[in-house]
Amino acid sequence: MDWPIGEVARAAGTTSRTLRHYDAIGLLPPSRTGPGGRRHYDEAALVRLQRILLLRGLGLGLTAVAEALDGERDTRAALRRHLRRLEGEDRRLARQIASVRTTLTRMERGEPLMPDEVLDGFDHTRHEEEVTERWGADAYRRGDRWWRALPPEERRAFRREQAAVAAAYAEAHAAGLAADGTRVREIVRRHYAWVVRGWQGRRPDAEQFAGLGRLYAEDPRYRRAADEEPGGSADTAAFVCEAVRAYAERVL
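All values derive from a computational prediction rather than experimental measurement.

Caption draft 1: Highlighting the nonpolar core. Counting residues in hydrophobic clusters, the biggest one holds 24 residues, and the most contacted among them are Y169, V188 and F209. In terms of residue count, helix 13 (residues 236–250) provides more of this core than any other element does, seven residues in total. Beyond its immediate stretch of four places on either side in the chain, Y169 contacts I187, V188, H191, F239, V240, A243 and V244. Core analysis: the next-biggest nonpolar cluster, separate from the first, contains 15 residues, W3, Y22, L27 and L69 among them.

Right under this line is the structure:
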């Protein structure tokens, strides 16, 4: 059993053009080609596409995705790792939902707030598996040591800058500014400086920074955060992705 390219593209939330590109670069060949050159995909191709989408959701570029797939022949083992990460994310979100619900209930009743309840599910170590999979265990350990060593005020300043950059993106998009324009480039420069700070002084190259930008278009968490930013809209995340890509190409 197989499915035509249009049906597969719709189910994946992507486009036929993207799937044809994946075929052209050898990442996802169709299982067969029908009359008129129409591509079809069988179950094995669907599983491979699922793995591609999962890896792209981690911010990997197409070259890195291909290397990961070629280096991991045991599809079931790879899917089990992805499933564990997704289940961990699901549990974290469930804890955060419960935490916020408890906070609201206590506030409405005039009851005292307890730190362990208010902050449950917000531990930064939830990113350990994801960071390790993307950039390696050493990258996670360096980031974890750096974050734990920061004084509380510096942590707050780091988060404030993140929020300020997000708000600036939303305002620029709402104002109709060009993603590759001079004013937006200054916002991306702040964004890049914030990333360098988080990377403890190491400067991402053009491909790495563009990969971070793609997260806003491809990762539901980044997309939701950007689109729901006060003043943002349904395509603010795509605007951020394009702005970061333009900066990476022209400046880095």
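After that view, the rundown keeps rolling.
Caption draft 2: Main features of the packing of aromatic side chains. Under the counting rule described, the total for this entry stands at four aromatic pairs. On the numbers, 5.0 Å between centres and 85° between planes, the contact of Y192 with F209 is edge-to-face. Note that Y192 is positioned in helix 10 (residues 182–198) and F209 in helix 11 (residues 206–218), a separation of 17 residues in sequence. Ring geometry for F209 against Y247: centres 6.0 Å apart, planes inclined by 75°, an arrangement best described as edge-to-face. Taken together, the residues F209 in helix 11 and Y247 in helix 13 connect sequence positions 38 residues apart. For the pair formed by F209 and Y247, the shared burial category is buried. Cluster of aromatic residues (ring-pair linked, three or more members): Y192, F209 and Y247.

Caption draft 3: Highlighting the packing of helix 10 against helix 11. The geometry of helix 10 relative to helix 11 is characterised by a closest axis approach of 12 Å and an angle of 110° between their N-to-C directions. The angle between helix 10 and helix 11 falls in the class roughly perpendicular. Contacts between helix 10 and helix 11 pair V188, H191, Y192 and V195 from the former with F209, L212 and Y216 from the latter. A per-class count over the contact of helix 10 with helix 11 returns six nonpolar, one polar and no charged.

Caption draft 4: Structural view of the pairing of strand 3 (residues 39–42). For strand 1 (residues 2–4) and strand 3, the ladder comprises three bridges, and the chain directions are antiparallel. Among the inter-strand pairings, W3 is bridged to a residue of strand 3, identified as Y41. As defined by bridge partners, strand 2 (residues 32–33) adjoins strand 3 across two bridges and the pair is classed as antiparallel. From the neighbouring strand, T33 faces strand 3, where its bridge partner is R39.

Parameters at a glance
- Residues numbered from 1 in each chain as written.
- Predicted model: local features only at pLDDT ≥ 70, side-chain atom pairs only at ≥ 80, totals over all residues.
- Heavy atoms only, no water.
- Core = buried A, V, L, I, M, F, W, Y, C linked by side-chain atoms within 4.5 Å.
- Buried < 20%, exposed > 50% of the residue type's maximum accessible area, 1.4 Å probe, protein only.
- Helix = DSSP H or I, 4+ residues; strand = E, 2+ residues; numbered from the N terminus.
- Contact = heavy atoms within 4.5 Å.
- Phe/Tyr/Trp six-rings, centres within 6.5 Å; stacked < 30°, edge-to-face > 60°.
- Axes fitted to C-alpha atoms, helices over the stretch in contact; angles between N-to-C directions.
- Parallel < 35°, antiparallel > 145°, perpendicular 65-115°, else oblique.
- Nonpolar A, V, L, I, M, F, W, Y, C, P; charged D, E, K, R; others polar.
- Pairing = 2+ DSSP bridges.

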